Every structure is written in structure tokens, then in C-alpha cells.
Amino acid sequence: MTDLVAQQILNWLTLGSIYALVAVGFSLLFGVLNIIHFSHGDVSLMSPFLALGLVQALGAGAGGISSPAAMVAFAIVAIALTGLLGVLLDILIIQRFRTAPAMMALVATVALGIVLRELIRHLFPNGSNPHAFPRLVTGDAMLFGFRVPAFNATAILVAIVAVSLLFLMLNRTRLGLHIRAVSLDRDAARLMAINPGRVFRATFFIASAIGAIGGLFFSSYAGMVRFDFSIDIGLIGFSAAVVGGLGSMPGAIIGSLLISGLDTLVQATVPNGASYRLVFVFLLVIGVLVFKPAGLLGRTVTEKV
Amino acid sequence: MAHASAPPPARPLGGLLIVALVEIVGAAALREFLLAEDWRWVLVLLAAFGAVLVALERRPALEARIAEAFARHRRAATLLGIAIALVFPFVLEKSSYALHLCVIAQLYAVLALALNFQLGSANIPNFATGASYGIGAYASALLALNFEVSFWLALPAAAVVATIFGFLLGLPSMRTKDSYLALVTIAFGVVIHQLLNNLEVTGGPNGLVGIPAPELFGHSFASPLAVLGYELPSQANFYYLSAVLVLIAIVFAGRLHDSRVGLAWNALRADELAARCQGINTTWYKVLAFAVDAFLAGFAGTVYAFYVGFISPDNFTFLVSVTIMTMVIAGGMDNILGVIVGAVLLTLLPEKLRAFSDYRILFFGVTVIAFLMIRPQGIFPQRLRRYGG
């Protein structure tokens, strides 16, 4: 019994960490841009495909997909490339909607997500089918005195480290200061000789790269990756950010843990729960939004005409 | 003063001629497009359509002349339009495929008009039109299969069911807006899809099979339609049915657009807070937009279910909602003609350009982004309201 409970708690924390990696990106981008970057989930899920593609194209000599070392090396390259992809999308498309009504940016990024998904489907060899994705880390590890699979431990630790680094960056560095300044008031920041364009691109890189880590762990956890996984991870990541309160980093983490908790609970207790899990998750989202429209930790914005 | 702005008199025949010419040429072009087999011919027709649009854009006087002719001869234009719609199936060379495309295009036109109340008029992002469409289809199909309710009773019943769900979906809109509301509608669509996919009643992923064709005065809609000795394929029955539906939707949309409700929605779009300060009950109008959208989508869903006779959850995914949204954005938000043109074009294009029908979703995505970036007002932008004219 305790074993089962411990196993579920481990699943909950692992899933929560993976969702949090995607959710903080949503929250960070919203805080700075003031628009929802709906295709963030699709950008995040680019990384497993990039990693797979790179391994197949270049890594055959190093052992290919079956060699964890080669996989990890190419995964790191894929993370960097995904970050750059985020910047590229900002320059090509999202930039145009900075001053447009929020609705337009929203619809445009939803469409952008679809385009990314379809591009994977058509350009990646055999893109419509699921592709096996190996565990990046194998073996067992000790965590809090428990013997757990090293993969879960790594996912949780990497998430903690990545989010802590993000916190430090936001609160302790010059770039973080600039990001916070732009998110508070874009025009005032410009008057302080901060170039908002640079801050936007930096934010896109950071958010997309962190999301890419989430995408890699997500596929690694599932053992495979398919072009439409991004709907799942994007919607859940966004929901987590919204439940916690958009723009709030701690909120995104709380939201992720809440949603992954519900997810794990439903899958463990409700019969045939796996096929209903999104129903429960979204009922939670709708419920939270009805009672706390700005999310659990979000600040309520007072509007002026 | 009333006479000062009156258009120049005379040339009533000229106006009628313009109206007739525009409608007949439009119908003839649509016929060519529907029957075109060669993709090069399709591209030529598209280029011609594009050229006409560019010409109208470059020569506003021409556009104003046509618009004025239509405004002055409204009754004649409407009658001629109805006549053309009635005769249209007879000139399609008995092609059941062309008629099928017409039915689907008309259903999408209704859906796009439904979404237009929200996206176009009130600027509420609703990604759940596909779900309302599905609720209508499933509600009517379940009624027909389990209780042998006839199509004519199932039609309003399904619309009512879809409206109730629309109200439910609208309730969170009292508290949320913009991105949050968009998430709620996406979530609603996913929840409905998962429920349809997993519930026993709805047949799971296999859907519902064997929905009986409607009957009217003993004439089954599954049998060919014979008019004055000329036999049309069975799809013609549904062609006329969906044409009536489109007509109802147009009248509905036009009346709402011209009424206080339409104005209130536009006020919401311009500035919600300012609208509230003007004494507009924004919550009520937002919920109303959801209900109206669901009502029309439920209608369309019912016709679809009885037309195809087989429905499954995959007919009503999130991508259907995105497709409908593409139609509204490309056609022109809050412009009834534009939305219909967008629906017809975007239904027919992927079918006609077979080579890239596999890329249809990619094409929709790129279309949305391109229109939002280059021409956010769509092919036919919203016109200013004309009062008393």
C-alpha cells in the first residue's frame, strides 16, 4: 500500500515538474509580452523532434538513439535550437502583434501552433506516426532516502534547478531587471534606455529553452513522441499557468502541482480515468477561473477607460 | 437636408442591370469552380477572383456603385438571389459531388455566421463552435435513434440542447475575458470531445451509425429529387434544406446586426469597460452571444448528422473550430457576405486543389496568420451602418 502511494507521489512530482517547466514559460512570456503565446507548447515539443532528427542525421556513429550519452548531447543542442526557434518566431510573426488587440495575437498564436504541428507532421520523416523516444537517464537513484528511478529524480532535480536559475536570473541579474522593467511598463523602460526588443528576444529564448527541457522530459517519460502531443502539453501547461495566475512564477509551479496531482489522482482512482483525465483537469481550470478569475496568485488588474 | 444626400436619380435600369450582372456572373463563376476538374483551371478562376477584388480595392467608385445598386434594389437582388439558389442544382450536370460540396459549404457558412456573432461582432474568442456543432449533431442523432423522433422535431430540440450548453459555456464568461475566456472555450471543446469519445451512450470513438434520412410529405431525402421530370441526385434535397438554413441564418444575422443587440456587441468589441459605463449589460450580451452561436451551430449539426447519416467525435474536434474561425477571419469579421464567401472559399479550395488536400490544416493555419498580419479586416471589411437610407 505504502509502496503504491509512494509510487503515485513520485509520479505526481515528476509530472508536476515537467508541467512546471512548460508553465513557467507561459507565465514568463505573458508577464513580459502581455499576450498569450499559445504556441508555446508546440515550440516546447519541437525539442524531442529536433533531438531525434539530429541523432538520426549526425549521431549514427556515436551509437544513435540507443546511446544515452549521444541522446543527452543532442538533447542539449535541441534545447538551444528550440530557444532560437522561439526567438525566430518572435521576429517573424509575434512581433507584429505587439500593439494589436489581444484577441488578434491570441488567434494568431493558436494558428501558429497549428502550423508548427503540421510542419512536424509533414517534414519529419513518418511524422504522423508516434516515434520511440528513449529514457534520457536510466538506472536507480536515491532521493530523500527512497530508491527511485534515476529518470524521475533527474526530471524533478532539473526542474528545480531550472526554475531556481530562472528566479535568480529574474531577481539578481541586469537582464532580469530589464525583463521586470519591461513587464511593468514598456514605455517607461524605453525611457530608461532599455531596448524592449532585446528583452523580448531574450525572454523568448529563455522561455522556449526551458519549455524545450519540459518537452524532452515529457516525451522521455511517455517513451514516445507524436506531433500532436503538443496539444496536451500546451493546454496543460497553459492551464497550470492560468490556475496559478498568469505572470506569477510561483503560481505556475503551484498550478502545475495541482493539475498533475489531480491528473495522477484521477488516473489512479477513477475507472478508465486515463481517457477522462483532461475532463477533470479542465473542470478544475474552469472552476478556478469562475471563482478566482485572475488565478490563485495572479494580481487583479483594475481597468481604466 | 434629406434630399441633399440622396443619390442621383434616373438609371434605375442600370442599377438593376448591375445587380443582375453581379449575381449571375458570381453564380456562373461558382459553378465553374465546383465543376472544375483541372487544377490549372481552378487557379485561373482564383486569379480572376483575386483580380476582381484588387480592382474593387483600387477603384472605390466602382465598389460604391455596386453597393449602391444593391442597396437601392434590395428586393430585386434578394429575389434574384433566391431564384439563382433554386435553379443552381439544375446546372451542375447532375454531379452529386458538386452538390455535396455545396451542402458542406452551406453548413460551414451557417457555422461561420454563428461564430461571427462572437468573434466578429463582440470580439469574444470562442474556440468551441465545433463543440456546439457536435452537441447539435449528437443530440438530434440520439433522439432519432433512441426515440425515433423525426428530423423536423429533432432540429429544434437539438438547437435547444446546444443553446443550453452554450449558456453553460457562457457562464464563465461573466468572470473571465480574453485569454482566460479563450482557454475556457478550448477546454470546453476538449471536454466535449473526450466525453463523446468515451461515453457509452454516444457510441465512443465509433460514433453513431444509421441515422435515418428525413422525410417530408412522404418524400425521403435519401431518394433522388425529381422536379418536372428532371431528376436531381439525392444530395439536392439537402442542398435545398441547407440553403433554407443559410437564408434563416442570414436573416437572423442581419436583423441582429442592425438591432440594438448588434450595436451592443460592437460596443463590447470597441471597449468593454466603456460599454458598461454606457449602461450596456455586458454580461448578458456576452452570454447571449454564446447562446446564439450555439443555437445556429446546433442547427447546422443536426442537418449534418441527418445528411451524412453517420457521426463520430472526430467530426467535431478543436480543428473544426479553428477552421470555422479561419473562415470568419479570412472572409471579414462582422460582414455577413464576407463570412459566407470565406466559408465557401475555404470549404472548396482544399477539395479542389487535391494535390494539397493533405496540407489543408497547415493551409488554414497559414491563412489565419497571413490575414491577421496583412489584412486583419478580411476580404470584405465591415461596413458602416446605414440608418434610414
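For the structure itself, consult the block above.
Just so it is clear, the model here is predicted, and its values are computed rather than measured.

## Comments concerning the overall build of chain A
Per the secondary structure count, chain A includes 12 helices and 4 strands. Rg of the C-alpha trace for chain A: 19 Å, near the compact-globule value of 19 Å for 305 residues, within the 12% margin. Projected onto its principal axes, the C-alpha coordinates of chain A cover approximately 55 × 45 × 35 Å. Counting all 305 residues of chain A, 56% fall into the buried class. A fraction of 72% describes how many contacts in chain A between residues 6 or more apart in sequence connect residues 24 or more apart. Charged side chains in chain A number 18 positive and 11 negative. The centres of these two groups are separated by 9 Å.

## Quick look at unusual backbone geometry
What you tend to see is this: most non-glycine residues have negative phi, and most peptide bonds are trans. Backbone geometry places Ala 193 of chain A, a non-glycine residue, at a positive phi of 65°. Mapped onto the elements, Ala 193 of chain A comes out in the loop between α8 (186-191) and α9 (196-222). According to the relative accessible area criterion, Ala 193 of chain A is exposed, its value standing at 69%. One non-glycine residue, Asn 123 of chain B, lies in positive phi territory at about 60°. Here Asn 123 of chain B shows up in the loop between α5 (96-122) and α6 (129-147).

## Quick look at the pattern of salt bridges
A side chain with one charge can pair with a side chain of the opposite charge if their charged atoms come near. A complete count under the given rule lists 8 salt bridges over all chains for this structure. Between Arg 121 of chain A and Glu 118 of chain A there is a salt bridge whose closest N-O contact spans 3.1 Å. With Arg 121 of chain A and Glu 118 of chain A both in helix α5 (residues 102-123), this residue pair falls 3 residues apart, about one helical turn. A salt bridge links Glu 32 of chain B to Arg 31 of chain B; the nearest nitrogen and oxygen atoms lie 3.2 Å apart. Since its relative accessible area comes to 22%, Arg 31 of chain B is described here as partly exposed. Via salt bridges that share partners, Asp 232, Asp 263 and Arg 277 of chain A belong to a single interconnected network.

## Considerations on the side chain of Ser 312 of chain B
Residue and element names in this part refer to chain B. Considering the arrangement of structural elements, one finds Ser 312 in the loop between β6 (310-311) and α13 (318-331). By relative accessible area, Ser 312 is classed as buried at 10%. Once you skip the residues sitting within four places of it in the chain, Ser 312 turns out to touch Tyr 138, Pro 205, Asn 206 and Gly 207.

## Observations regarding the interface of chain A and chain B
Residue-level contacts link 43 residues of chain A with 42 residues of chain B. Carbon and sulfur atoms make up 79% of the area that chain A and chain B hide from each other, which totals about 3800 Å². For chain A, the biggest contributors to the area lost against chain B are Met 103, Ile 114 and His 122 of chain A; these three give 14% of the whole. Linking chain A with chain B are 0 salt bridges, by the criterion used here. The tally of links from chain A across to chain B stands at 1 residue pair in polar contact (both at pLDDT 80 or more). Sorting the residues of the side of chain A that touches chain B by element identifies α5, α10 (229-244) and α12 (273-291) of chain A as the ones contributing at least two each. At 15 residues, α5 of chain A tops the list of elements feeding residues into the side of chain A that touches chain B. For the side of chain A that touches chain B, a count of residues per class yields 33 nonpolar, 3 polar and 7 charged.

Cut-offs and rules
Residues numbered from 1 in each chain as written. Chains lettered and ligands numbered in written order. Predicted model: local features only at pLDDT ≥ 70, side-chain atom pairs only at ≥ 80, totals over all residues. Heavy atoms only, no water. Helix = DSSP H or I, 4+ residues; strand = E, 2+ residues; numbered from the N terminus. Rg over C-alpha atoms; globule rule 2.2 N^0.38 Å. Buried < 20%, exposed > 50% of the residue type's maximum accessible area, 1.4 Å probe, protein only. Contact = heavy atoms within 4.5 Å. Lys, Arg positive; Asp, Glu negative; His and termini not counted. Charge placed at Lys NZ, Arg CZ, Asp CG, Glu CD. Salt bridge = Lys/Arg side-chain N within 4 Å of Asp/Glu carboxyl O. Buried area = accessible area lost by both parts, 1.4 Å probe. Polar contact = N/O pair within 3.5 Å; in protein donor to acceptor, adjacent residues only side chain to side chain. Nonpolar A, V, L, I, M, F, W, Y, C, P; charged D, E, K, R; others polar.

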